[in-house]
Amino acid sequence: METREIEGWLSRARDQMRQGNAAAAAESLKQALGRDPDDAQAHALLAFCLLDLRRVYAAEHEARQALALGPDSPLPHHALGLVLIAQRKLAAARQPLEAARELDPEDAFTLRSLARLARLTKREAEAKVLLEQALQLDPEDPDTWAERGQMALDQGAVAEAERAAREALALNPGHADGLLLMGEIHLRRGELELARDHAVLVLGDDPGSHNALHLMAAIKARGNPFLGFWWRFNNWLAELGEGRSILVLVVLYAAYRTAAIVLGGRGHSGLASILQVAWLAFVAYTWLGPALFKRLVAKEIDTVHLHRDF
Amino acid sequence: MGSYRIPDEPLPGALSRLAVNPLWPLLGLMVGGPWAAWPWFLLNGHALGSPTRLREGLALLLGFLGTVALVSTILTLDRRGVFSTTTAQLALLLVTLWKIAISYYLYLTQSRSFGLYEYYGGPVRNGALVVIAVALAEPKLLAPVKNLFVLLVLG
């Protein structure tokens, strides 16, 4: 009875993951783990969901738990590899992903993750080979097509990216990564309305999709240079990671204060005052920017109609 | 049968009705100083049931000890006549930067817990009134303090 119940929660979680609803899948997996806390598969799947939800610390805990409970299964190794990629520990990520490939060489998903790692470490040729292998194993996998398209787009090959996006969408017209890739292609071409339509389609299925919100924000940033600067600055800080972003903010403040003190000390009080006003304006801008930006994006999201199966 | 708890999920306790967005304690630092912001961060960590509250407590301890060490060094050097007016201002800037760095760290760490706390429907208070109270009380509270060391550490 208990085993059947756990299987039920696991199967439900897999369906929810396939639909791209990581939050709901995580809740289902919590139910499964409440009944059997030693289920390695459930811990590994939960790690994938938490990664989707950007809860990297918890994802790492779950992946390591899964690995301790089921070291002979490829899934925990794969989950740990993706967690390490998310933490930007790219050198360390290779070992668990290779271990996952060794345990299941026919898994296209693992090859795709290895390709992503290769792309991130600037080994584009290797990434291309891995994606080709993944497509040979499963030519009808829209995820691999979308990944291949993303790689082409990053290299500036827009036409090739579009071909891959169309393949992904032909296989699954509601495929979120395919739609987002197509949206990015339109954005790259300056077709803002079409880009917006693609982001909205994804938000209709998953209003919490980070990537769709990111695309929506990028569209807004392109359309509004005043807010665009804040968005790009914020993105840049987020990419730096917590420690470095604190350092950058503190260095910015230190530079401003040092300049103001030195200018004041040398009798240039007028210049020091201008600098202070400029700093205050920057602070006010960073305070108002997020609120205005969120409001603009929220206005767009108000037009989103949820998919009836959501 | 209970549900499994993911390790980053906050475990709100009896203080949860005092939970605020960690942006407010950060603002408390700007309008008041560490005397207002740091205890508030500590309290908020407990109110949110933050899984990183031990780390936050250690950061606060490090922040306090670092401030004491920096201020002591600067005052000692100043008594020896090492500083001009400008270099003294620059040296004191180090203390401010240290306090800001610790507070940013606390803010970013607590923001993650706050996001999850809100997601699970935890009650959240508006900290604006406390910030206003801190801004109004700060001159009155610190005016009677004549000890420069205490003023530089707390202010």
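In the block above lies the structure referred to throughout.
Model, not experiment: these values are computed from the prediction.

Student: Report on the environment of A:Ala212, specifying residues and quantitative values.
Tutor: Residue and element names in this part refer to chain A. With respect to the helices and strands, Ala212 occurs in helix H13 (residues 210-223). Taking the C-alpha atoms as reference, Ala212 lies 8.5 Å from Ala176; in sequence the two are 36 residues apart. Every residue in contact with Ala212, bar those within four places of it in the chain, is listed here: Leu180, Ala199, Val202 and Leu203.

Student: How would you summarise the nonpolar core if you had to cite specific residues and measurements?
Tutor: Residues and elements named next belong to chain A. Core analysis: the biggest nonpolar cluster contains 42 residues, and Leu10, Leu29, Leu46 and Ile85 have the highest contact counts within it. Taken together, the elements giving at least two residues each to this core come down to helix H1 (2-18), helix H2 (22-35), helix H3 (40-52), helix H4 (56-69), helix H5 (74-86), helix H6 (90-103), helix H7 (108-120) and helix H8 (124-137). Per element, the largest residue contribution to this core is 8 residues, and it comes from H3. Each residue touching Ile85, except ones within four places of it in the same chain, is listed here: Leu90, Ala93, Leu97, Ser113, Leu117 and Leu120. Formed by 30 residues, the second largest nonpolar core is a distinct cluster that contains Leu179, Ala199, Val200 and Leu215.

Student: Tell me what's going on with the interface of chain B and chain A, and back it up with residues and numbers.
Tutor: Listed by partner, the interface residues are 26 residues for chain B and 29 residues for chain A. Summing both partners gives a buried area of about 2500 Å² for chain B against chain A, and 70% of it is carried by carbon and sulfur. Scanning the region where chain B abuts chain A turns up 0 salt bridges. At the boundary of chain B with chain A, the tally comes to 2 residue pairs in polar contact (both at pLDDT 80 or more). Taken together, the elements giving at least two residues each to the side of chain B that touches chain A come down to helix H1 (23-31) and helix H4 (85-119) of chain B. Considering only residue class, the side of chain B that touches chain A consists of 17 nonpolar, 6 polar and 3 charged.

Student: Residues and numbers for the environment of B:Arg53, please.
Tutor: Residues and elements named next belong to chain B. Structurally, the position occupied by Arg53 is in helix H3 (residues 53-79). Through-space distance from the C-alpha of Arg53 to that of Ser113 is 9.6 Å; in sequence the pair is 60 residues apart. Not counting chain neighbours up to four residues away, the residues in contact with Arg53 comprise Gly45 and His46.

Student: Can you lay out the side chain of A:Asp39 for me, pointing to particular residues and giving the numbers?
Tutor: Residue and element names in this part refer to chain A. Relative to the helices and strands, Asp39 is located in the loop between H2 and H3. Of the side chains bearing the opposite charge, Arg14 lies closest to the buried Asp39, which forms no salt bridge; the N-O distance is 7.1 Å. Within the structure, the side chain of Asp39 is placed 3.1 Å from the backbone nitrogen of Ala42, a separation counted as a polar contact.

About the thresholds
Within each chain, residues carry numbers counting from 1 in the order of the written sequence. To read the labels, note that chains go from A and ligands from 1, taken in the order they are written. Local features are withheld for residues below a pLDDT of 70 in this predicted model, meaning they are given only at 70 or higher, and side-chain atom pairs are given and counted only at 80 or more; totals for whole chains, interfaces and linings count all residues. With hydrogens and water stripped out, all remaining heavy atoms of the structure feed into the side-chain values. Strands here mean DSSP runs of E at least two residues long; helices mean DSSP runs of H or I at least four residues long; both are numbered from the N terminus. In this analysis, two residues are considered to be in contact whenever any of their non-hydrogen atoms come within 4.5 Å of each other. What makes a nonpolar core is a set of buried Ala, Val, Leu, Ile, Met, Phe, Trp, Tyr and Cys residues whose side-chain atoms join them at distances within 4.5 Å. In this scheme, a residue with accessible area under 20% of its type's maximum is buried, one over 50% is exposed, and one in between is partly exposed, where area comes from a 1.4 Å probe on protein chains only. For any pair of parts, buried area is found by adding up, for both, the accessible area (1.4 Å probe) each one loses once the two are put together. A pairing counts as a salt bridge when a side-chain nitrogen of Lys or Arg comes within 4 Å of a carboxyl oxygen of Asp or Glu. N or O atoms within 3.5 Å of each other form a polar contact, as long as, within protein, one can give a hydrogen and the other can take it, and as long as residues adjacent in sequence are counted only when both atoms are side-chain atoms. Think of it as three bins: nonpolar holds Ala, Val, Leu, Ile, Met, Phe, Trp, Tyr, Cys and Pro, charged holds Asp, Glu, Lys and Arg, and polar takes everything else, Gly as well. As used throughout, the charge tally considers Lys and Arg to be positive and Asp and Glu to be negative, leaving His and the chain termini uncounted.

So yeah, pure geometry; function would need other evidence.
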